[in-house]
Amino acid sequence: MAAAVRAGCAHKGFISVTRRGSHSSTALKPQYDAIVIGAGRNHLLHVLGGAAVSEEIIPGFHFSRASYLLSLLRPHIYQDLELKKHGLKVYMRDPYSFTPMLEDGVRGRPPRSLTLGGDLAKTQQEIAKFSEKDAKVYPDFLSYLERLACAIHPLLDAPPVDIPGLTQGSLRKKITALGSLKPLVKSGLKLGKNIPDFYELVTAPAIKVLNRWFESEPLRATLATDSVIGANTSPNNPGSGYVLLHHVMGELEKEKGAWGYVEGGMGGVSQSIARSARSLGADIFTNRDVKQVLIGQDGSAKGIILTDGTEVHSKVVLSNATPYITFKQLTPKDALPEAFITAVDQIDYTSPVTKINVAVDKLPNFLAAPNSADGKPGPHHQCSIHLNCESMEVLEEAYREGQQGRPSSRPMIEMTIPSVLDPTLAPPGCHVVSLFIQFTPYLLEGRRAWTDEDRERFADTVFDWVEHYAPGFKNSIVGKDILTPPDLERVFVWYICMLYHSKHSLHLYLARPLPSVADYRSPVKGLYLCGSGSHPGGGVMGAAGWNSALKVLADFKRL
């Protein structure tokens, strides 16, 4: 097998696969069996000062510029490609969630906080600070989610339903396509009497489900963050419950629902995949940009054309770029039906995320969990730290402002500090801080584009809020990298900065991104989708976006 990978933006690269037994090469071959477009620059490791990601020169601070946590990378792919053997090292987090309160302490005590982790008894003690009732029912809530997740978990690895086969063509074709319903039927049978619960979770607002289980605002709001993370929605919107379920379906080191830090940053995922590919005969190329898919006289995909005019031929082409980039920019317009192009235009790509990467010269010191005298990180520092998440109303107000074209004045912030577990990321005593922020519009009020002043003003708002929780944070900043929605689109070649390649919802298994291409096949024979925009979805900010493309490599490994 031979392959070529360009570690660049969504359409600036390709993996080319030929017969097993070929050796890795530094020269392009004239013919391949398969080409996968798009290595995904969002998965690369960026070094502040080493790469052109900031005008400030800060040597030694290593950032995962967009992605920041690993999960949802399917275990069998992890194993088939032997990613551990090829250098992938993951730091597990326990505890994993920390929500500090903005409140005055009582009798000299610090403000309260909520910490969730793998130790159920400790987690219940934390919840009991806010509600004894919630602490008691929390194990039942976890069991409820696990029952639903386990029933549909197999769908993540099953081919999508062949909707075109079921609805078009001959009777024989329709009968053959009925076989694609088998995984869905099996999941339905496994759900059994839980089908009503499943239907409610994936269709109802997350707030309706959480209100039925819990009474304390900090717990409800903390859990609700998983229902809106990366999505332009609020816990009050129908369907937000599905996003909550999707994020608990991840798995890491055989631990369900776990998310972890990759040693060296998320680039470690790319690097281990590259080493695995090389061991199977892959050719890895950099600075080779794909201009468009090569269409033959018979209307089928015959390879790709690079920006320098080089043609690379193959039997099939798979695109790891977004559906929009794939069909609107890489595929010749006359190769696609007009109705299909219209449908692609109507896919919801909206994302409300701004990502700010910060280099600091000391560990954040939270009022709710003061640092120890020796300055060593506490358990809470390894967590996803939820700021401005004290109540559902705070989240809802942040969402409302974003929909009105205004960056949230009290934004939802998910802070992570991977350097507390991974010492390779920052100089001694220093740390890298990732701030994943919602809600920010793609265009500001009046459909105005972001300016440098807007970026700085919003970053100052974010830093002011962090300062409320951890005084001294602003003075510790030695550098920053601000990526608003338009910046994410420009840097990583997403469309309208959508980190999931399209909106997450129940259509993942049945119609992602559109019913006609849910089984990865495009209207162009030999051209397939394989990124986050196709089943099983995921986030290019995480690792799920690799799943479909890596299935291709794993399958070729078995040839």
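As the structure is a prediction and not an experimental result, all values here were calculated from the model.

Novice: Account for the overall build of the protein chain, with residues named and values stated.
Specialist: The number of helices and strands found in the protein chain is 19 helices and 19 strands. Sequence-distant contacts in the protein chain: of pairs separated by 6 or more residues, those separated by 24 or more amount to 71%. With an accessible surface of roughly 22500 Å², the protein chain has 53% of that area assigned to carbon and sulfur atoms.

Novice: I'd like to hear about helix α14 (residues 392–403), residue by residue, with values.
Specialist: With twelve residues, α14 extends 17 Å between its outermost C-alpha atoms, agreeing within 8% with the 16 Å of an ideal straight helix rising 1.5 Å per residue. Of the residues making up α14, those classed as buried are Met392, Val394, Leu395, Glu396, Ala398, Tyr399, Glu401 and Gly402. As for α14, its buried residues are in contact with α8 (206–213), α9 (217–228), β16 (412–416) and β17 (431–438). Backbone geometry just downstream of α14 places glycine 405 in the positive-phi region, at approximately 85°.

Novice: Quick rundown of the pairing of strand β6 (residues 97–100)? Include the residues and the values.
Specialist: Both faces of β6 are covered, namely the face carrying Ser97 and Thr99 and the face carrying Phe98 and Pro100. In the sheet, β6 pairs with strand β7 (residues 113–116) via four bridges, with the strands oriented antiparallel. Residue pairing for β7: phenylalanine 98 is matched across the bridge by threonine 115. As paired strands, β6 and strand β15 (residues 384–387) are joined by two bridges and run parallel to one another. Note on β15: the bridge partner recorded for phenylalanine 98 is isoleucine 385.

Novice: Requested: an account of the sheet that holds β15, with residues and values cited.
Specialist: If you walk across this open sheet you meet the seven strands as β7-β6-β15-β16-β17-β14-β18, and the pairing is mixed. If you trace the sheet from one side to the other, it starts and ends with β7 and β18 (477–483), each paired once. Across this sheet, the average inter-strand angle for adjacent strands is 20°, counted without regard to direction.

Novice: Please give an account of the pairing of β17 that cites residues and values.
Specialist: β17 sits mainly inside the fold: eight of its eight residues count as buried. Covered by surrounding structure in β17 are His431, Val433, Leu435 and Ile437 together with Val432, Ser434, Phe436 and Gln438, the residues of both alternating faces. Sheet topology note: the strand β14 (residues 353–360)/β17 ladder contains eight bridges and is antiparallel. In the sheet register, valine 353 faces β17, and the bridge partner there is glutamine 438. Pairing analysis gives five bridges linking β16 to β17, with the strands arranged antiparallel. Each residue of the ladder has a partner; that of isoleucine 413, found in β17, is isoleucine 437.

Novice: Describe the nonpolar core, naming the residues involved and giving the relevant values.
Specialist: In terms of nonpolar packing, the biggest core is built from 56 residues, with Phe141, Tyr144, Leu201, Phe214 and Leu245 touching the most fellow members. Those elements that provide at least two residues to this core are β7, α3 (132–152), α7 (195–203), α8, α9, α10 (240–248), α14 and α17 (485–492). Considering each element in turn, this core owes the most residues, ten residues, to α3. When neighbours within four sequence positions are excluded, phenylalanine 214 is seen to be in contact with Asp134, Val137, Tyr138, Phe141, Leu219, Arg220 and Leu223. Ile385, Trp450, Trp465 and Phe473 belong to the second-largest nonpolar core, a separate cluster that totals 30 residues.

Novice: Could you give an account of the pattern of salt bridges, naming the residues involved and the relevant values?
Specialist: Applying the stated criterion across every chain, the model contains 21 salt bridges. Notably, a salt bridge pairs arginine 112 with glutamate 103, separated by 3.0 Å at the nearest N-O pair. Each of Glu393, Glu396, Glu397 and Arg400 takes part in one network of salt bridges that share partners.

Novice: Describe a nonpolar patch on the surface, and please don't skip the residues or the numbers.
Specialist: A surface patch of nonpolar side chains, about 320 Å² in accessible area, is lined by Leu171, Ile175 and Leu178. Locating leucine 171 in the fold gives a position in helix α5 (residues 171–177).

Novice: Now, about the packing of aromatic side chains: what can you tell me, with residues and values included?
Specialist: The full count for this structure, using the stated rule, is twelve aromatic pairs. Here the aromatic rings of tryptophan 450 and phenylalanine 458 are separated by 6.3 Å at their centres, their planes lie at 75°, and the arrangement is edge-to-face. Residue class for tryptophan 450 comes out buried when judged on its relative accessible area of 8%. Centre to centre, the rings of phenylalanine 463 and phenylalanine 473 are 6.0 Å apart; their planes meet at 55°, and the pair counts as tilted. With phenylalanine 463 in helix α15 (residues 452–469) and phenylalanine 473 in helix α16 (residues 473–476), the pair connects residues that are ten residues apart, well separated along the chain. We note that phenylalanine 463, like phenylalanine 473, is buried. Through a chain of ring-to-ring contacts, the aromatic side chains of Tyr138, Phe141, Tyr144, Trp213 and Phe214 assemble into a single cluster. Above the plane of the ring of tyrosine 261 lies arginine 93, whose end atom (NZ or CZ) is 5.3 Å from the centre.

Cut-off values and rules
- Residues numbered from 1 in each chain as written.
- Predicted model: local features only at pLDDT ≥ 70, side-chain atom pairs only at ≥ 80, totals over all residues.
- Heavy atoms only, no water.
- Helix = DSSP H or I, 4+ residues; strand = E, 2+ residues; numbered from the N terminus.
- Contact = heavy atoms within 4.5 Å.
- Areas by Shrake-Rupley, 256 points an atom, 1.4 Å probe, with all protein chains shown as cover.
- Expected span 1.5 Å × (residues − 1).
- Buried < 20%, exposed > 50% of the residue type's maximum accessible area, 1.4 Å probe, protein only.
- Pairing = 2+ DSSP bridges.
- Axes fitted to C-alpha atoms, helices over the stretch in contact; angles between N-to-C directions.
- Core = buried A, V, L, I, M, F, W, Y, C linked by side-chain atoms within 4.5 Å.
- Salt bridge = Lys/Arg side-chain N within 4 Å of Asp/Glu carboxyl O.
- Patch = residues over 30% accessible without salt bridge, like charges linked within 9 Å, V, L, I, M, F, W, Y side chains within 5 Å.
- Phe/Tyr/Trp six-rings, centres within 6.5 Å; stacked < 30°, edge-to-face > 60°.
- Lys NZ or Arg CZ within 6 Å of the ring centre and 35° of its normal.

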